[in-house]
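# Residue-level structural notes
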Amino acid sequence: MIFVLMAYQIFMSRILKERKIQFQMEIQYQKELLKENIASQELERERIAVLVHDEIGSGLNILSLWLNNPDIWKSISLQKTLLGQLPKLVQTTRNISHSLYPVNLPHFGLLLTLEEYAGNFNANLKVRLFPLNDFHSPGLEMELQLFRIIQEFISNTIKHAQATGINILLRTSAERLAMLLTDDGQGFDMAKIQKGMGVRNIESRIKMMQGNFRWKSDCYGTRLLIIIVTNGTNY
């Protein structure tokens, strides 16, 4: 009996120790995830501040100088040049608005918001959306995270991949969501790119939704597969 009790105490002690280690690892993981989220938010705020200063601020300053120039009103060509700057400022403002929050998402849902977003790119980069079945919305919060992931993927592609096309494939059911993002760029070295904030931001958002993901990159382009169980999750 004494031997059995000692063995039982040792067994329970090991279980408690393992649970304590797991709990500490989970806390550490949550801390790292929070740290990465804060860092990505600060990076996004910095990027938006630069856009507002460089694109909108500079554009408005130039327009102000032109409007205060009496010669503008004497030349038809100068007036056309001035008016041509206004649509650019409007588009830049819309892009920054999307960066802050996709205002159409709560009203029209993820698919229509993505279709509008895909239409904002020029002819050098075609962004195409392919819903593979009837879309089952996983909820607004998850749709927002998915939209941010797509934004980050496209941003990384523009910066690094020299791609001409990006495809967004979505398949949903009542239980899970699968999304495949692909580009036809030059690919990248995963060992190097993992250090970048863009990829870390994408992966932290997927982890927040308790999803699984897999990267693949080669000379034919980059692919990111995301699978998220949507039924019964606490997200």
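Remember, it's a predicted structure, so these values are computed and weren't measured experimentally.

### Some remarks on the sheet that holds strand β1 (residues 126-131)
If you trace the five strands from one edge of the open sheet to the other, you get β1-β2-β3-β5-β4, paired in mixed fashion. Two strands close off the open sheet at either side, each with one partner strand: β1 and β4 (212-218). Mean inter-strand twist for the sheet, computed between neighbouring axes without regard to direction, equals 10 degrees. Two elements, strand β3 (residues 176-183) and strand β5 (residues 221-229), share seven bridges in a ladder whose sense is antiparallel. When the sheet's bridge partners are listed, Thr182 is paired in β5 with Arg223. Of the strands in this sheet, β1 and β2 (165-172) are in contact with helix α3 (residues 105-118), which crosses β1 at around 160 degrees. Of the strands in this sheet, β1, β2, β3, β4 and β5 touch helix α4 (residues 140-161), which is tilted by about 15 degrees from β3.

### Side note on the confidence of the model for the chain
Atomic detail in the predicted coordinates should be set aside for any region of low pLDDT. Across the chain, the average pLDDT comes to 82, with 91% of residues at 70 or higher. Element-level mean pLDDT values for the chain span from 68 in helix α5 (residues 190-193) up to 96 in β3.

### Structural notes on the packing of aromatic side chains
Each aromatic ring pair is described using two quantities: the centre-to-centre distance and the angle formed by the ring planes. All told, the structure shown has three aromatic pairs when counted by the stated rule. A centroid spacing of 6.5 Å and a plane angle of 15 degrees characterise the contact between Phe153 and Trp215, whose relative ring orientation is stacked. Note that Phe153 is positioned in helix α4 and Trp215 in strand β4, a separation of 62 residues in sequence. Cluster of aromatic residues (ring-pair linked, three or more members): Tyr117, Phe121 and Phe147.

### Here we look at α4
With 22 residues, α4 ought to run about 32 Å at 1.5 Å a step, and its terminal C-alpha atoms sit 30 Å apart, in line with that. Remark: Gln162 follows α4 within two positions and exhibits a positive phi of approximately 55 degrees.

Here is what the cut-offs are and how they apply
Residues numbered from 1 in each chain as written. Predicted model: local features only at pLDDT ≥ 70, side-chain atom pairs only at ≥ 80, totals over all residues. Heavy atoms only, no water. Pairing = 2+ DSSP bridges. Helix = DSSP H or I, 4+ residues; strand = E, 2+ residues; numbered from the N terminus. Axes fitted to C-alpha atoms, helices over the stretch in contact; angles between N-to-C directions. Contact = heavy atoms within 4.5 Å. pLDDT = per-residue confidence, 0-100. Phe/Tyr/Trp six-rings, centres within 6.5 Å; stacked < 30°, edge-to-face > 60°. Expected span 1.5 Å × (residues − 1).

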